[in-house]
Amino acid sequence: MNSIILNILKTAFRTYGFHFSLLLFFLAFSAGFIRAQTKGIFEEDDVLMITISGDLVDLLNDRTGTPEYRPATLSYSDETASAVAIPIKVRTRGNFRRRKDVCSYPPLLLNFSKKNSKQTIFHDQDKLKLVMPCKGDKYVVQEYFTYKLYNLVTEKSFRTRLVQVVLRDPNIKEKKSGPFYGILLEEEDQMAKRNNMISVDRTLVRPDQTELEDFLNMAVFEYLIGNTDWSVQYRQNVKLMAADSLSKPSTVPYDFDHAGIVGAPYAKPAEELLLSNTKNRRYRGFCITDMAHFDHVIAHYNQLKDKIYALYTGHSRLEERYTKSTLKYLDEFYKTINNPKKLKNEFQYPCLESGTGHIIIKGLNN
């Protein structure tokens, strides 16, 4: 298409004597038009097939110490079914899921150059996190749906793209080469920019120093999905963004593999919380004695109820057994938040001196 537009402009220039600067304008416009036609990686919801090729054995075995970038090629088929190959650098990342005794595959960080990714669906990307299977495909898919759930709650959330990954290296056993599911996670700076905000990395930020409505949206969501593996103070699975460097920051959660709604077999609550398993919900916001502060957020979750349930019904990528148990899990949440007595007991738990609601999870940096 580039060449077609260029030929038309050249003909017009010869025939009508367009001023050269005008020709340059049209060329620039056409290039921008073509670029605009290439949708970004997070603008579609269909599962994308990607292949990562290279010396991958050493990459997948890089499980300790400082991870090393290695050259690789990422390829996919575009909307015309043409093969697109992009040279990238890739390394392992994280801590807990990087451990070989925990996960079959380590999480990866894909490093793109703008020059190589231009006019591909990865244009404008820099470093993308790729969630790899830890203990099976289904838990990746279940975590992906958890991200989609929070997308319903607020735009101040990470967008994701479900992918099927093939690893191409003759030294990798066929059964480990895929395809298997993975999740591409939107970059933090791009998520902030999409919300007309900037990423902030402030230290010693307490939950009560953040934007209250955004924090409550997040804290109630973490309660809904049965996730206790987060904290604002230690920036455990929480990012901060703000309108500017002086404004109160908003909290954005990520990394939900320890949530009860995901059900990963390796996930366990921190021992200090005295919970038997991740299905046991525990509200982990800060102490708020005036329950009126929750009115707006509870109304918001009630308004979203049909959309949240619809997210989990009728999807072939979710096992029927999982869907049924998840709908029951959602039922329990809605029964609690719509019962004033239960709601108060649950959400004022951080106010109890004898409880574990005051415990801050340091966790591992993932």
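Quantities reported herein were computed from a predicted structural model and do not represent experimental measurements.

## Brief notes about the overall build of the chain
Here's step 1: What the chain contains, in helices and strands, is 11 helices and 10 strands.
Here's step 2: When contacts within the chain are restricted to residue pairs at least 6 apart in sequence, those whose partners lie at least 24 apart make up 69%.
Here's step 3: As displayed, the chain has an accessible area near 18700 Å², and 52% of this comes from carbon and sulfur atoms.

## Focus: empty space enclosed by the protein
Here's step 1: Applying the stated criterion across every chain yields a total of 2 cavities of 30 Å³ or more.
Here's step 2: The computed volume of the second largest cavity comes to approximately 60 Å³.
Here's step 3: Considering the residues around the second largest cavity, the lining is formed by 13 residues, among which Arg97, Tyr139, Val140, Glu143 and Tyr266 are closest to the centre.
Here's step 4: In terms of residue count, the dominant contributor to the lining of the second largest cavity is helix α5 (residues 137–153) (3 residues).
Here's step 5: Within the lining of the second largest cavity, the residues separate by chemical class into 8 nonpolar, 1 polar and 4 charged.

## Considerations on the packing of aromatic side chains
Here's step 1: Overall, the coordinates contain 20 aromatic pairs when judged by the stated rule.
Here's step 2: Seen in terms of ring centroids, Phe215 and Phe286 are 5.3 Å apart; in terms of plane orientation they differ by 35°. Their pairing is tilted. Here Phe215, found in helix α7 (residues 212–225), pairs with Phe286, found in the loop between β10 (250–253) and α8 (295–303); they are 71 residues apart in sequence, far enough to count as distant.
Here's step 3: Residue classification places Phe215 among the buried residues on the basis of a relative accessible area of 0%.
Here's step 4: Its relative accessible area of 21% is what places Phe286 among the partly exposed residues.
Here's step 5: Judged by centre distance (5.1 Å) and plane angle (85°), the rings of Tyr223 and Phe347 are edge-to-face. Here the residue Tyr223 occupies a position in helix α7, and Phe347 occupies one in helix α11 (residues 340–347), the gap between them amounting to 124 residues.
Here's step 6: Accessibility expressed as a relative area gives 0% for Phe347, which makes it buried.
Here's step 7: Taken together, Tyr223, Tyr283, Phe294, Tyr301, Tyr309, Phe333, Tyr334 and Phe347 form an aromatic cluster joined through their ring pairs.
Here's step 8: Lying across the ring of Tyr69, Lys89 places its NZ or CZ 5.3 Å from the centre.

## Brief notes about the state of the cysteines
Joining two cysteines, a disulfide is a covalent bond between their sulfur atoms.
Here's step 1: What the rule picks out here adds up to 2 disulfides.
Here's step 2: The side chain of Cys103 participates in a disulfide bridge whose partner is Cys134; the two sulfur atoms lie 1.9 Å from each other. Taking the torsion about the S-S bond as the criterion, the Cys103 to Cys134 disulfide, at about -85°, is left-handed. You can see Cys103 sitting in the loop between β3 (83–92) and β4 (108–111) and its partner Cys134 sitting in the loop between β5 (127–131) and α5, a full 31 residues away along the chain.
Here's step 3: Its relative accessible area of 3% is what places Cys103 among the buried residues.
Here's step 4: A relative accessible area of 5% means that Cys134 is categorised as buried.
Here's step 5: Here Cys287 connects covalently by a disulfide to Cys351, the sulfurs 2.0 Å from one another. In this structure, the disulfide formed by Cys287 and Cys351 twists by about 100° around the S-S bond and is classed as right-handed. A residue pair is termed long-range when its members are at least 10 positions apart, and Cys287 in the loop between β10 and α8 and Cys351 in the segment after α11 qualify at 64 residues.
Here's step 6: Look at Cys287 and you get partly exposed, because its relative accessible area is 39%.
Here's step 7: A relative accessible area of 24% places Cys351 in the partly exposed class.

The rules behind these values
- Residues numbered from 1 in each chain as written.
- Predicted model: local features only at pLDDT ≥ 70, side-chain atom pairs only at ≥ 80, totals over all residues.
- Heavy atoms only, no water.
- Helix = DSSP H or I, 4+ residues; strand = E, 2+ residues; numbered from the N terminus.
- Contact = heavy atoms within 4.5 Å.
- Areas by Shrake-Rupley, 256 points an atom, 1.4 Å probe, with all protein chains shown as cover.
- 1 Å grid on protein atoms, 1.4 Å probe; cavity = no way out; pocket = protein on both sides within 12 Å on 5 of 7 lines; lining within 4 Å.
- Points joined across faces, edges and corners; volume = space filled by probe spheres on them.
- Nonpolar A, V, L, I, M, F, W, Y, C, P; charged D, E, K, R; others polar.
- Phe/Tyr/Trp six-rings, centres within 6.5 Å; stacked < 30°, edge-to-face > 60°.
- Buried < 20%, exposed > 50% of the residue type's maximum accessible area, 1.4 Å probe, protein only.
- Lys NZ or Arg CZ within 6 Å of the ring centre and 35° of its normal.
- Disulfide = S-S within 2.5 Å.

Function cannot be read off these values alone, since they describe shape.
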